[in-house]
Amino acid sequence: MPDNQTLAALFKRIALLLELKGENPYKIRAYRRAAEALTELDVPATVLWEEQRLTEIPGVGDAIAKKIDEYLRTGHLTFLERLEAEVPPSLIELTQLPGLGPKKVRRLWQELGITNLDALEKAAQEGRLRALSGFGPKSEARILEAIHAHRARPQGFLLGQAYPTALHLLEILRALPEIAQAEMAGSVRRGKAMVHDLELLLAAASPTEALQAALNALHAEAEIVVHPDYAEAEIQPPEGLPIHLIAAQPARWGTAWVFSTGSKTHLNALRDLATAQGHNPEAPFPTETAYYAALGLPWIPPELREGQGEIEAAQTKRLPNLITANAIQAELHSHSTWSDGRASIREMAEAALARGLRVLAITDHSQSLGVAHGLTPERLRAQKEEIRAVQAALGNQILLLQGAEVEILADGSLDYPDDVLAELDVVVASLHTSLRQPRERITERLLRAIRNPFVHIIGHPSGRLLPHRAGADLDWEAVLTAAAASGVALEINAHPRRLDLDDEHVRQAIDRGIPLAINTDAHTPTDFDNRFYGVLTARRGWATADHVINTREPKRLLAWLKQKSTKNH
DNA sequence: GCCGTTTTCGGCCCGACTGTTTTCAGTCG
């Protein structure tokens, strides 16, 4: 049965194709709203479908309910198929280029017959785009640059998609009698923000039989390739994540898990070490610990296996004691219906409590972010009353803080005056607009925010949006130097599309003693679960619990927040 | 296409920036 995300993807696709077709924008928005509602639904849509309650989903009316029904009954959607016959789906890739939206892509298609990247590139090179009004030589140059960047960017899947898929598959595989053990491997296990495939390792007395059983259970066909020590099969779903299954006998599980987890650079270093010590690097071991021990090393956490000095650290007993998800006690960046969140303060607080959090800061958007219904100082004061009321209702089970995600304006000043900022428990300062300013200008903007004594945390510092949008072109040297000097914390935004700071900058921040904050930026209760991805990113950056302010006891955290805002005053 | 203490039609988050204009359309968040 298709899950909610699959259904949502269907309606997102419809919305984009309708947009390219030039349909009524409100109809388009209706499809997007329905897709969003499906994404956020906390029960499977199939359950509501069986009970004929689909229209109870906000944003789903008769027309969309009928389409869901058709798809669930037949596996097809006639409406979408007709639409795809009318509007070339290859246009969708063009809308992913920055600066090209549906309207412009539509005109390229209608007026120049361009339907794919190659044709667009050719037309831009030949200077044929400037014939269209609204396009000039500058747009041609920017489009060529964008095409280049688009081709160069690593294609892949978000960790936030791949990880749940892996868990789901493991559940199916572990239920098979032919399989003794099944675990994640590859880049998903290492917690990379983007992955190319899903590697799953199986232990079985008969690797080939295990793989055959796995393929049957997954209703997949693939060739089973048999090697002396293991067997493997690669499932290539038409549009989805490739799944690489590897099966080995339990006696060499440890060796197989080390090799299937990678990375290449880590494995090369292990091979060199084994050879230097006169060992066979492929020797069978039942556990990873035994494998590493044979090389005189402690077990190395998968997130560190990137060839970034982890082996030297292991040899000198300097591996960090990496932060774990359950060390997080506080969420310091979340939204409610007061701005663009989907749940009330009460609902968010209860969800945070249910996940074991002891502190929750509600940090709605500030006034100038109109799209998100940002709060004026007056509404901010009104919100304070509601936070107090919810705090009173929930008692001391969880501590609620009032904060704000304050816009860093075009000149680097903040969206609230100092006296308003001073009233807040937590100030997260973030960039949302004009992210493509030249390096010097955008860096200067961020530096001004970093130096503002009222700011506790810089939210999603680079502003990147995976998989398509790179972050701002920042002078990181200057940013990190300023952050270290001001004592501001840099956020690891845990949303799978952000994971920003990325692992590399996490490590650089730690080297300079900059405090880190792992926050989910939750807009719905289920978003709190994303913190796990933030923790993986922190671990990839060698972070221990001490580096992360969210791990502190509430009292210590409050003390840090207070001293930060009273420092320099 | 959805929705209704504005209720079955007529609305449906907004504002800055950019490159192209000569008063603006399209993109983006």
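Because the structure is a prediction, the values reported are computed rather than measured. (Residues numbered from 1 in each chain as written. Chains lettered and ligands numbered in written order. Predicted model: local features only at pLDDT ≥ 70, side-chain atom pairs only at ≥ 80, totals over all residues. Heavy atoms only, no water.)

## Notes on the sheet that holds strand β7 (residues 243–248)
Short version of the rule: The rule for pairing is simple: two strands pair if DSSP sees at least two bridges between them. Counting from the N terminus, the helices are the DSSP runs of H or I reaching at least four residues and the strands are the DSSP runs of E reaching at least two. Axes here mean lines fitted to C-alpha atoms, for a helix over just the part in contact, with angles spanning 0 to 180 degrees between N-to-C directions. By definition in these notes, contact holds between two residues if any of their heavy atoms fall within 4.5 Å.
The 5 strands are arranged β2-β4-β7-β6-β5 in an open sheet whose pairing can be described as mixed. What marks the edges here is a single partner per strand, and that holds for β2 (181–185) and β5 (224–226). Direction aside, neighbouring strands of the sheet carry axes that sit 20 degrees apart on average. Where strand β4 (residues 198–203) meets β7, 6 bridges bridge the pair, whose relative direction is parallel. By the bridge assignment for β7, L198 is matched with I243. Where helix α12 (residues 207–217) meets the sheet, it contacts β4, β5, β6 (230–235) and β7, and its direction lies at approximately 20 degrees from that of β6.

## Digging into a positive patch on the surface
How we decide: Patches in this entry comprise residues that are over 30% relatively accessible and not in a salt bridge; like charges within 9 Å are linked, as are nonpolar side chains (Val, Leu, Ile, Met, Phe, Trp, Tyr) within 5 Å. Residue-level accessible areas treat just the shown protein chains as cover; the underlying method is Shrake-Rupley with a 1.4 Å probe. We count a salt bridge whenever a side-chain nitrogen from Lys or Arg sits within 4 Å of a carboxyl oxygen from Asp or Glu. For this count, His and the chain ends are skipped, Lys and Arg are scored as positive, and Asp and Glu as negative. A single reference atom marks each charge: NZ on Lys, CZ on Arg, CG on Asp, CD on Glu. Here the term buried applies to any residue with accessible area under 20% of the maximum for its type, exposed to any over 50%, and partly exposed to those in between, with areas from a 1.4 Å probe on protein chains only.
A cluster of basic residues, K12, K104, R142, R436, R469 and R497, forms a positive patch at the surface. Along the polypeptide, R497 turns up in the loop between β13 (489–493) and α22 (503–511). The class for R497 is partly exposed, based on a relative accessible area of 34%.

## Considerations on empty space enclosed by the protein
To be explicit about the condition: For each structure, a 1 Å grid was placed over the protein atoms alone; sets of points admitting a 1.4 Å probe that cannot get out are labelled cavities, open sets with protein on both sides within 12 Å along at least five of seven lines are labelled pockets, and lining residues have an atom within 4 Å of a point. Grid points are joined across faces, edges and corners, and a volume is the space filled by probe spheres set on the points. Residues are sorted three ways: Asp, Glu, Lys and Arg are charged, Ala, Val, Leu, Ile, Met, Phe, Trp, Tyr, Cys and Pro are nonpolar, and all the rest, Gly among them, are polar.
One pass over the full model with this rule turns up 1 cavity of 30 Å³ or more. Counted as a void, the largest cavity has a volume near 40 Å³. Lining the largest cavity are I328, A330, E331, L357, I518, T520, F528 and R531. Taken together, the residues of the lining of the largest cavity sort by class into 5 nonpolar, 1 polar and 2 charged.

## Section: helix α10 (residues 159–174)
Formally: By this rule the span expected of a helix is its residue count minus one, scaled by 1.5 Å. What the arc measures is the spread of directions leading from the helix axis to the C-beta atoms.
Between its first and last C-alpha, α10 extends 22 Å over 16 residues, near the 22 Å set by a 1.5 Å rise per residue. Within α10, the full set of buried residues consists of L159, A162, Y163, A166, L169, L170 and L173. One side of α10 carries all its buried residues, which in axial view fall inside an arc of 135 degrees.

## A word on the layout of surface pockets
Definition in use: As annotated, the domain borders come from an automatic or database domain assignment.
Considering only enclosed or pocket space, the second largest pocket measures out at about 410 Å³ in volume. The element contributing the most residues to the lining of the second largest pocket is helix α2 (residues 25–40), with 4 residues. Class assignment of the residues belonging to the lining of the second largest pocket gives a composition of 6 nonpolar, 2 polar and 6 charged. When residues of the lining of the second largest pocket are assigned to domains, at least three map to each of domain 1 (4–152) and domain 3 (325–566).

## A short note on the domain arrangement of chain A
Counted only if it meets this: Buried area is calculated as the accessible area (1.4 Å probe) missing from two parts once they are joined, with the contributions of both summed. Think of a polar contact as two N or O atoms within 3.5 Å of one another; within protein, one of them needs to be a possible hydrogen donor and the other a possible acceptor, and neighboring residues in sequence only count if both atoms come from side chains.
Taken domain by domain, chain A holds domain 1 (4–152), domain 2 (158–315) and domain 3 (325–566). Here the C-alpha centroids of domain 2 and domain 3 sit 36 Å apart. Every contact between the two is made by 18 residues of domain 2 and, on the other side, 13 residues of domain 3. Between domain 2 and domain 3, the buried area comes to about 1,300 Å², and carbon and sulfur atoms account for 68% of it. Taken as a group, L158, E303 and L304 account for 35% of the area that domain 2 buries against domain 3, more than any other trio of residues on that side. Where domain 2 packs against domain 3, one counts 2 salt bridges. The shortest N-O distance in the salt bridge between R539 and E303 comes to 2.7 Å. Where domain 2 touches domain 3, the interface holds 4 residue pairs in polar contact (both at pLDDT 80 or more). Mapped onto the side of domain 2 that touches domain 3, the elements with two or more residues apiece are α10 and α16 (310–315).

## Notes on the protein's contact with DNA strand B
Spelled out, the test is: Whether a residue is near a molecule or strand depends on its heavy atoms: it is near if one of them lies within 4 Å of it.
Taken together, the neighbourhood of DNA strand B is formed by 35 residues, with G59, G61, G99, G101 and S139 sitting nearest. With respect to DNA strand B, the side chain of N24 contributes an N or O atom lying 3.3 Å from a base oxygen. The backbone of I64 places a nitrogen or oxygen atom 3.2 Å from a phosphate oxygen of DNA strand B. Of all the secondary-structure elements, those providing two or more residues to the surface near DNA strand B are α2, α4 (62–74), α7 (102–112) and α9 (137–152). Broken down by element, the residue count for the surface near DNA strand B peaks at 5 residues, all from α2. Residues of the surface near DNA strand B, tallied by class, amount to 16 nonpolar, 10 polar and 9 charged.

## Brief notes about the sheet that holds strand β12 (residues 457–458)
Ordered in space as β8-β9-β10-β11-β12-β13-β14, the 7 strands form an open sheet in which the pairing is parallel. Among the strands making up the open sheet, the edge pair consists of β8 (330–331) and β14 (516–519). Here strand β11 (residues 426–430) runs beside β12; their pairing, made up of 2 bridges, is parallel. Its bridge partner lying in β12, V428 is registered against I457.

## Topic: the packing of aromatic side chains
Any two aromatic rings considered together are summarised by their centre-to-centre distance and by the angle between their planes. To keep things clear, this is the line we draw: The criterion for an aromatic pair is that two Phe, Tyr or Trp rings (for Trp, the six-membered ring) have centres within 6.5 Å, with stacked assigned to planes under 30 degrees apart, edge-to-face to planes over 60 apart and tilted to the rest. Think of it as a cone above the ring: NZ of Lys or CZ of Arg counts as a charge over the ring if it is within 6 Å of the ring centre and within 35 degrees of the ring normal.
With the rule as written, the count across this model stands at 9 aromatic pairs. Judged by centre distance (5.3 Å) and plane angle (50 degrees), the ring pair of W253 and W257 falls under tilted. Taken together, the residues W253 and W257, both in helix α13 (residues 253–261) and 4 residues apart, mark about one turn of the helix. Taken individually, W253 and W257 each receive the classification buried, so the pair is uniform in this respect. Pairing F532 with Y533 gives two aromatic rings, centres 5.6 Å apart and planes at 65 degrees, and the pair type is edge-to-face. Taking the relative accessible area as the measure of exposure, Y533 reaches 9% and is therefore buried. Taken together, the ring pairs connect F259, F285, Y291 and Y292 into an aromatic cluster. Stacked on the ring of W257, the Lys or Arg R189 has its end atom at 3.6 Å from the ring centre.

## What about α13?
What sets the pattern is the α-helix's 3.6 residues per turn: residues three or four places apart point alike. Most of α13 sits inside the fold, with 8 of its 9 residues counted as buried. Taken as a whole, α13 has its buried residues at W253, G254, T255, A256, W257, V258, S260 and T261. Buried residues along α13 sit in contact with β2, α11 (186–190), β4, β7, α14 (264–276) and α15 (288–294). Positioned one or two residues after α13, G262 has a phi angle of 75 degrees, which is positive.

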